[in-house]
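# Coordinates in review
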Amino acid sequence: SQQGEEDPQALSIQEGENATMNCSYKTSINNLQWYRQNSGRGLVHLILIRSNEREKHSGRLRVTLDTSKKSSSLLITASRAADTASYFCATDEENSGYSTLTFGKGTMLLVSP
Amino acid sequence: DVKVTQSSRYLVKRTGEKVFLECVQDMDHENMFWYRQDPGLGLRLIYFSYDVKMKEKGDIPEGYSVSREKKERFSLILESASTNQTSMYLCASSLKLTSIPVDTQYFGPGTRLTVL
């Protein structure tokens, strides 16, 4: 099954800096979602961008989608130590006649004080 | 707020044991999912259910079964646990499955299962 691939695998920055994570996928999608996972916990939904949208904002998060390049980016501005987590992109795909999400392997973000 | 709970945060079992992982959601969601998460492999879908008593295989169903007798509860069963099933198991739910685009999924806190 198709899988989004995040890049980089790991990212280490200082508080106040911006963090950019990228996601590439293989086939056409209806939407792309970003999730966050704190260490040892479940995933939390951050933002959903539809295939006909190019950019979306939510607080300090900015997501872009380029369907021609089959890629998306997540920008976290003015990062904080509390942003330390793994970030996953997820794309929808058809599964036995139903649509399910396929997750990438994630980018691990470390924000140092 | 949607709440998805899982019966255990940590579980240790022996090879060959039958293991039940329980997941309950309180938002009347039609759809429920079981994933496993392993380092370097990300999240992989084991089974999902779009209605009571209905189930569909995901990408890695071998060695697992599921049960959904009530809308709010989705159980993952390891009939005979093996060491390669040591993993983090995540349950999720969402409102609709057949709608386009796919809905947001809400995750439980996870169960870290160790099979010795």
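Cut-off values and rules
- Residue positions are given per chain, counting from 1 as you read along its sequence in written order.
- Each chain takes a letter, starting from A, and each ligand takes a number, starting from 1, following the order in which they are written.
- Thresholds applied to this predicted model are a pLDDT of at least 70 for local features of residues and 80 or more for the giving and counting of side-chain atom pairs; totals over whole chains, interfaces and linings are not thresholded and use all residues.
- With hydrogens and water set aside, each side-chain value is computed from the structure's full complement of heavy atoms.
- Every case where a carboxyl oxygen of Asp or Glu lies within 4 Å of a side-chain nitrogen of Lys or Arg is listed as a salt bridge.
- The secondary structure listing takes helices from DSSP runs of H or I that are at least 4 residues long and strands from runs of E that are at least 2 residues long, numbered from the N terminus.
- Each residue's exposure class comes from its accessible area (1.4 Å probe, protein chains only) as a fraction of the maximum for that residue type: buried when under 20%, exposed when over 50%, partly exposed otherwise.
- Working definition: a disulfide is two cysteine sulfur atoms within 2.5 Å of each other.
- In summary, the pairing rule links any two rings of Phe, Tyr or Trp, Trp by its six-membered ring, whose centres are within 6.5 Å, and it sorts them by plane angle into stacked for under 30 degrees, edge-to-face for over 60 and tilted for everything else.
- DSSP-based pairing: two strands are paired if at least 2 bridges between them are found.
- Only C-alpha atoms enter the line fits that serve as axes; for helices the fit covers just the stretch in contact. Angles between N-to-C directions range over 0 to 180 degrees.
- For the purposes of these results, a polar contact is taken to be a pair of N or O atoms within 3.5 Å, where, inside protein, one atom must be able to donate a hydrogen and its partner to accept one; residues adjacent in sequence count only when each atom of the pair is a side-chain atom.
- Only heavy atoms matter for contacts: two residues are in contact if any of them lie within 4.5 Å across the pair.

## Section: the pattern of salt bridges
Residue and element names in this part refer to chain A. Scanning all chains against the criterion turns up 10 salt bridges over all chains. Across the pair Arg36 and Asp83 runs a salt bridge whose closest N-O atoms are separated by 3.9 Å. Of this pair, Arg36 sits in strand β4 (residues 31–37) while Asp83 sits in the loop between β8 (71–76) and β9 (85–95), and the two are 47 residues apart along the sequence. Here Asp83 and Arg60 are joined by a salt bridge, their closest N and O atoms 2.9 Å apart. Taken as a pair, Asp83 in the loop between β8 and β9 and Arg60 in the loop between β6 (55–58) and β7 (61–66) lie far apart in primary sequence, 23 residues in all. Note on Asp83: relative accessible area 6%, which makes it buried. Looking at Arg60, the relative accessible area reads 24%, which means it is partly exposed. Each of Arg36, Arg60 and Asp83 takes part in a single network of salt bridges with overlapping partners.

## Some points on the state of the cysteines
All names here are of chain B. Taken as a whole and judged by the stated rule, the model has two disulfides over all chains. Disulfide pairing is shown between Cys23 and Cys91; the S-S distance is 1.8 Å. Around the S-S axis, the bridge from Cys23 to Cys91 shows a dihedral of about -80° and counts as left-handed. Here Cys23 is found in strand β3 (residues 19–25), whereas its partner Cys91 is found in strand β9 (residues 87–94), with 68 residues between them in sequence. A relative accessible area of 0% means that Cys91 is categorised as buried.

## A closer look at the packing of aromatic side chains
Applying the stated criterion across every chain, the model contains eight aromatic pairs over all chains. Between the aromatic rings of Phe103 of chain A and Tyr35 of chain B, the centroid separation amounts to 5.5 Å while the plane-to-plane angle is 90°, which identifies the pairing as edge-to-face. On the criterion of chain membership, the pair formed by Phe103 of chain A in strand β10 (residues 98–103) and Tyr35 of chain B in strand β4 (residues 31–38) is interchain, its members lying in two chains. Assigned by exposure class, Phe103 of chain A and Tyr35 of chain B land together as buried. Considering the side-chain rings of Phe103 of chain A and Phe107 of chain B, the 5.9 Å spacing of their centres and the 80° angle between planes classify their relative orientation as edge-to-face. Here the residue Phe103 of chain A occupies a position in strand β10, and Phe107 of chain B occupies one in strand β10 (residues 106–107), the pair thus bridging two chains.

## Notes on the sheet that holds strand β1 (residues 5–7) of chain A
Residue and element names in this part refer to chain A. If you trace the five strands from one edge of the open sheet to the other, you get β1-β3-β8-β7-β6, paired in antiparallel fashion. Edge strands, defined here as strands with exactly one partner in the open sheet, are β1 and β6. Ignoring which end each strand starts from, the neighbouring axes of this sheet average 20° apart. Pairing of β7 with β8 involves six bridges; the strand directions are antiparallel.

## Considering the pairing of β4 of chain A
All names here are of chain A. Most of β4 is tucked away: seven of the seven residues are buried. Neither face of β4 is left uncovered, since the one carrying Asn31, Gln33, Tyr35 and Gln37 and the one carrying Leu32, Trp34 and Arg36 both have all their residues buried. The pairing of β4 with strand β5 (residues 43–50) spans seven bridges and is antiparallel. Paired with Arg36 across the strands is Val44, a residue of β5.

## What to know about the side chain of Thr111 of chain B
All names here are of chain B. With respect to the helices and strands, Thr111 occurs in strand β11 (residues 111–115). On the accessibility criterion, Thr111 (0% relative accessible area) is buried. In this structure the side chain of Thr111 is engaged in a polar contact, spanning 2.5 Å, whose partner is the backbone oxygen of Ser8. Apart from residues no more than four positions distant in its own chain, Thr111 is found in contact with Gln6, Ser8, Arg9, Leu11, Leu21, Ser87, Met88 and Tyr89.

## Considering the side chain of Gln85 of chain B
Mapped onto the fold, Gln85 of chain B is located in the loop between β8 (73–78) and β9. Setting aside chain neighbours within four positions, we find Gln85 of chain B in contact with Arg36, Gly63, Tyr64, Leu78, Ser80, Leu113 and Val115 of chain B.

## Side note on the sheet that holds strand β1 (residues 4–6) of chain B
Residues and elements named next belong to chain B. In spatial order, the strands read β1-β3-β8-β7; together these four strands make up an open sheet with antiparallel pairing. Both outer strands of the open sheet, β1 and β7 (65–70), are each paired with one neighbouring strand and no more. On average, each strand axis in the sheet is tilted by 20° relative to the strand beside it, whichever way the strands run. Pairing geometry for β1 and β3, over three bridges, is antiparallel. Bridge assignment links Thr5 to a residue of β3, and that residue is Val24.

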